[in-house]
Amino acid sequence: MTMRSVFDIGVSFVVRATSVLVLCAVVGMFVQMVFVAWPLTQSVKVTPLADAQNNIIASERTPDWVPHSDLLPAWRESIMGRVWLREDSDGAISGAISPSMDAAEQWVSLRFNAPEIPLSVLFIDSTQRWLVAVANDGRYRMASLRMDAVEWGNIERIKPFDYHAIGGANETLLFAAARSVRQYHLLKTAGSLYPELVLARTWQVSERILGLAAAPESQRVLILAGPQSIELWNATAQQRIAQKALAEPMEGIGWIDQHHFYAEAARNQQRRVWKVEGNTDAITLASLFTPVQYLGYPEPSQVWQTSSVGKGQEQKFGLTPLLFGSMKAALIAMLVALPCAVGAAFFVGFFMSNRARNRIKPIIELLEAIPTVVLAAVAAVWLAPIFLLVLPELFFATITAVLGIPVASALWRFAPASLHGSRYHGLLPLLLIPVILLLIAAGVLLGGYVEQQWMSGSLTVWLHEQFHVDLVHLNGLLVGIAMGIAVIPGIFSLAEDAVYSVPRHAAEGSLALGASRWRSFRDVILPLAWPGVISAVAIGAGRALGETMIVLMISGNTPILDWSPLTGMRTISATLAIELPETAFSSVHYQILFFAALLLFFITFLFNSLAEVLRLRMRKRFRVLAS
């Protein structure tokens, strides 16, 4: 065995071993994403506990700074300070407020008249500005704690109720009557002096409600539906996540902490305690990809908002804006890249001479070595600040170039016959360069003229005044330009190889019969090269979908659903880069991020698989021509 044979065997072994390692890494990555996201598919488990040592209910525990009273109390503690209020024996409301949470805090006493309705609920909102007094018959009144003289607003009405609870980390009020549960939140409209209780959600349970309790610092609601059935609901999803049949009648329910609840037996008031485990946030495909009614929103919406969520408030895990942003960024990038990359690949692979091709192709491929973070930094530092200022000029320069190049090509037909020889084909791009520069210059002048004469000197002001469109300097078009430049070299290289690899004798017959070079390329070379060109486009689209640094730096990272290329976006890859390092391990947020990564992996795999299937079918279709 010669040294050459030994070397070939070694190289073959290394290539195969590397391929196996890459395959194992891809499969392992897929398995890891599925393993992390799998708990989202699990149902909620309610497990009874033998002994209940903690009989103090966290959600009902009165802080030490609140004076003990058997009368109706209310309190609120936040970074804004502390406040407590209670109903006195004469019906008036008294309490104290402190602007700090220090040990040496200074309390300011409060006392104001009774609300003139039989009190069932006293509620202080999260801003510590509004006090709500509610009666069982549905009447309620508002009072401002920030006014010098506290005065009650007009008596308003909601539906009567039998049971109530303060839920969502003391952000909402829950009322129950018969088999219906209603969730209200405060909403102040423009021009009104006081806010009002607005119905946010309502849902029906299986039996008549005999008890209601909201979990501390979450959106879980415990309902005693009939004397021997407990239902656990998620208020955000308006979905029952667990139901537990009881062995004996119960008359009281409550929460010990976020993961433990109890029920009191009607016979001897003995407590039975259960532990809640599993997907208590009711995360489903419907909640991830369809509109959800969130508190404070006038209608069901698709929202992604996790970084600024306070403790116990609603987390918004709508993946549609992220998926939409990824598709939008990839679409704009492909619209920018495809004409340049595929057009250049066609010309270099067939029409350009071998000498010129050997010089041009390495230069274009060298652009792929530029890190995307460099492209993003250049776009963010240099292009973004002036992008909106030169947008009209850029728009008209593109239009004049796109329309002017075909006109210039048509005029080339009238050039002297001596210039149409094969010796000049390699010089055609050089002859077209001054024409393109002139077209761009004409477009820039036209854009400046249109902006000055028809748009009052500013495109952004004109769009805002005429169409109420607000432009942002970090937008989808900027992302598309930078990402398009990033994917052009890869698409060009693969597409050009596909065109150049077609045997030239395939076109010699049509040339010998008098067909032009363009017709020979269109009817003979291009059908054979299409499979490789489609693969190149699919790979470029996959890279655009998974691009991270460009969209992270210049997209604005605003998860909105807007088709306009002049608004911001947020992609799945950018969200993973931003939020995954800061997310608590094994939390619902962490699991949803891995599910989003799995979704991106699946979409990219689907793109490449469809491209491969199409490539094989087209290769089979043109097999006769290839032979």
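Structure: above.
Parameters and conventions
- Residues numbered from 1 in each chain as written.
- Predicted model: local features only at pLDDT ≥ 70, side-chain atom pairs only at ≥ 80, totals over all residues.
- Heavy atoms only, no water.
- Helix = DSSP H or I, 4+ residues; strand = E, 2+ residues; numbered from the N terminus.
- Contact = heavy atoms within 4.5 Å.
- Salt bridge = Lys/Arg side-chain N within 4 Å of Asp/Glu carboxyl O.
- Buried < 20%, exposed > 50% of the residue type's maximum accessible area, 1.4 Å probe, protein only.
- Polar contact = N/O pair within 3.5 Å; in protein donor to acceptor, adjacent residues only side chain to side chain.
- Pairing = 2+ DSSP bridges.
- Axes fitted to C-alpha atoms, helices over the stretch in contact; angles between N-to-C directions.
- Expected span 1.5 Å × (residues − 1).
- Bend = angle between axes of the 7 residues up to and from the residue.

**Q** Give me the environment of alanine 266: which residues, what numbers.
**A** Relative to the helices and strands, alanine 266 resides in the loop between β19 (260-265) and β20 (271-277). Separated by 14 residues in the primary sequence, alanine 266 and glycine 252 place their C-alpha atoms 7.9 Å from one another. Not counting residues within four places of it along the chain, the set of residues in contact with alanine 266 comprises Pro249, Met250 and Glu251.

**Q** Tell me about the pattern of salt bridges, and please be specific about residues and values.
**A** Across all of its chains, the model carries 17 salt bridges by this definition. A network of salt bridges, in which partner residues are shared, links Arg357, Lys361, Glu365, Glu496 and Asp497.

**Q** Give a description of the environment of leucine 566 that names residues and reports values.
**A** Here leucine 566 is to be found in the loop between α12 (549-554) and α13 (572-579). The spatial distance from the C-alpha of leucine 566 to the C-alpha of aspartate 470 is 8.6 Å, given a sequence separation of 96 residues.

**Q** Which residues make up the side chain of threonine 567, and what values do they have?
**A** Mapped onto the elements, threonine 567 comes out in the loop between α12 and α13. Judged by its relative accessible area of 11%, threonine 567 is buried. Side-chain polar atoms of threonine 567 contact the backbone oxygen of serine 564, separated by 2.9 Å.

**Q** How would you summarise unusual backbone geometry if you had to cite specific residues and measurements?
**A** Look at glutamine 238: it is not a glycine, yet its phi comes out positive at around 50°. Within the element layout of this structure, glutamine 238 appears in the loop between β16 (229-234) and β17 (239-245). According to the relative accessible area criterion, glutamine 238 is partly exposed, its value standing at 31%. Of note, serine 586 is a non-glycine position whose phi angle comes to about 70°, a positive value. Secondary-structure assignment places serine 586 in the loop between α13 and α14 (588-621).

**Q** Tell me about the sheet that holds strand β14 (residues 209-214), and please be specific about residues and values.
**A** Pairing within the open sheet is antiparallel, and its four strands lie in the order β14-β15-β16-β17. Lying at the two open borders of the sheet, with one neighbouring strand each, are β14 and β17. Strand after strand, the sheet turns through a mean of 20° between neighbouring axes, direction not considered. Here β14 runs beside strand β15 (residues 220-225); their pairing, made up of five bridges, is antiparallel.

**Q** Now, about the sheet that holds strand β2 (residues 73-78): what can you tell me, with residues and values included?
**A** The antiparallel open sheet is built from four strands, whose spatial order is β2-β3-β4-β5. Each end of this open sheet is capped by a strand with a single partner; those strands are β2 and β5 (108-112). Here the average twist between neighbouring strands, direction ignored, is 15°. The pairing of β2 with strand β3 (residues 81-87) spans six bridges and is antiparallel. Following the sheet pairing, alanine 74 is matched in β3 by leucine 85.

**Q** If you had to explain helix α3 (residues 320-351) to someone new, which residues and values would you point to?
**A** The first and last C-alpha atoms of α3 sit 44 Å apart over 32 residues, in line with the 46 Å expected at 1.5 Å per residue. When the local axis directions of α3 are compared, the greatest deviation, roughly 40°, occurs at alanine 337, which is followed within four positions by the proline proline 339.

Bear in mind that shape data such as this cannot, by itself, settle questions of function.
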